[in-house]
Amino acid sequence: MTLRIRPAGREDAGSVLSLIRELADYEKLAHEVDATPAMIEAALCNANATTHCEIAEWNGELAGQALWFTNFSTFRGRSGLYLEDLYVRPAFRGRGIGKALLAHLARLCAERGWPRMEWVVLDWNQPAIDFYRSLGAEIAQDWRLCRLDGEALAALTAGG
Ligand SMILES: CC(C)(COP(=O)(O)OP(=O)(O)OC[C@H]1O[C@@H](n2cnc3c(N)ncnc32)[C@H](O)[C@@H]1OP(=O)(O)O)[C@@H](O)C(=O)NCCC(=O)NCCS
């Protein structure tokens, strides 16, 4: 049994989007996905890309992925890693693949001198919360995600 973690390339855009859709489905948010393979390819595959995807293959089969981008902490004065998606396909769970993906990202942080990685988790996703806690992650109770999009974003644009 071999696990390989590698960066996604141009040829992976379609499968990256498939796993984005699988995760959205799991999170009951499939209706929010309007990304296309071309958008994913454009985001991941350009000389100045700040968005990246690490693909996990188990015996050569697509098993999961971690999609991330660079953020910046004003408090720490340094860049960091924001994990947008972590997903392991159902048939491959419980084999250490999720942990290996996060360990891979932790090593990227160490190599680059980034002091932290962050992400959000839905409050009902107890298996993922337990998984993150098992790795030592702190789950903040006092922060809320804020978002402006669609009509609210357009209205603010007009208002400005
Ligand atoms: C959450 C997820 C990424 C975990 O990946 P995985 O490959 O199944 O997890 P691993 O096999 O790497 O588990 C690593 C460790 O976490 C522990 N762990 C995994 N799931 C756990 C759970 N539900 N409760 C407690 N511990 C858990 C394992 O016991 C293991 O510990 P060990 O190293 O001491 O043996 C995967 O289950 C998944 O994709 N779930 C659906 C999508 C999702 O929720 N993504 C996260 C969105 S924020």
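Residues numbered from 1 in each chain as written. Predicted model: local features only at pLDDT ≥ 70, side-chain atom pairs only at ≥ 80, totals over all residues. Heavy atoms only, no water.

(A) Quick peek at the nonpolar core. Formed by 19 residues in total, the largest nonpolar core has its most connected members in Leu-81, Leu-83, Leu-86, Ile-97 and Leu-105. Sorting the residues of this core by element identifies strand 2 (51-58), strand 3 (61-73), strand 4 (78-88), helix 3 (97-112) and helix 4 (126-134) as the ones contributing at least two each. Tallying contributions element by element places helix 3 first for this core, with 6 residues. Not counting the four nearest positions on each side in its chain, Leu-105 is found in contact with Glu-54, Ala-66, Trp-68, Leu-81, Leu-83 and Met-117. Judged by nonpolar contacts, the second largest core, of 11 residues, contains Ala-8, Ile-20, Cys-45 and Ile-55. (Core = buried A, V, L, I, M, F, W, Y, C linked by side-chain atoms within 4.5 Å. Buried < 20%, exposed > 50% of the residue type's maximum accessible area, 1.4 Å probe, protein only. Helix = DSSP H or I, 4+ residues; strand = E, 2+ residues; numbered from the N terminus. Contact = heavy atoms within 4.5 Å.)

(B) Spotlight on the site of the ligand. Lining the immediate surroundings of the ligand are 22 residues, of which Val-88, Gly-96, Gly-98, Lys-99 and Asn-125 lie closest. A distance of 3.0 Å separates an oxygen atom of the ligand from a polar atom in the backbone of Gly-94. In the environment of the ligand, a nitrogen atom lies 3.2 Å from a nitrogen or oxygen atom belonging to the backbone of Pro-127. In the complex, 70% of the free accessible area of the ligand, which totals 940 Å², lies under the protein chains. Those elements giving two or more residues to the shell around the ligand turn out to be helix 1 (13-26), strand 4, helix 3 and helix 4. Looking at the shell around the ligand, the element that brings in the most residues is helix 4, giving 6 residues. (Near = heavy atom within 4 Å. Polar contact = N/O pair within 3.5 Å; in protein donor to acceptor, adjacent residues only side chain to side chain. Areas by Shrake-Rupley, 256 points an atom, 1.4 Å probe, with all protein chains shown as cover.)

(C) Main features of the side chain of Gln-65. Tracing the backbone shows Gln-65 in strand 3. Exposure remark for Gln-65: the relative accessible area of 1% places this residue in the buried category. When neighbours within four sequence positions are excluded, Gln-65 is seen to be in contact with Ser-15, Val-16, Leu-19, Ile-20, Cys-53, Glu-54, Ile-55, Asp-85, Leu-86, Tyr-87 and Leu-101.

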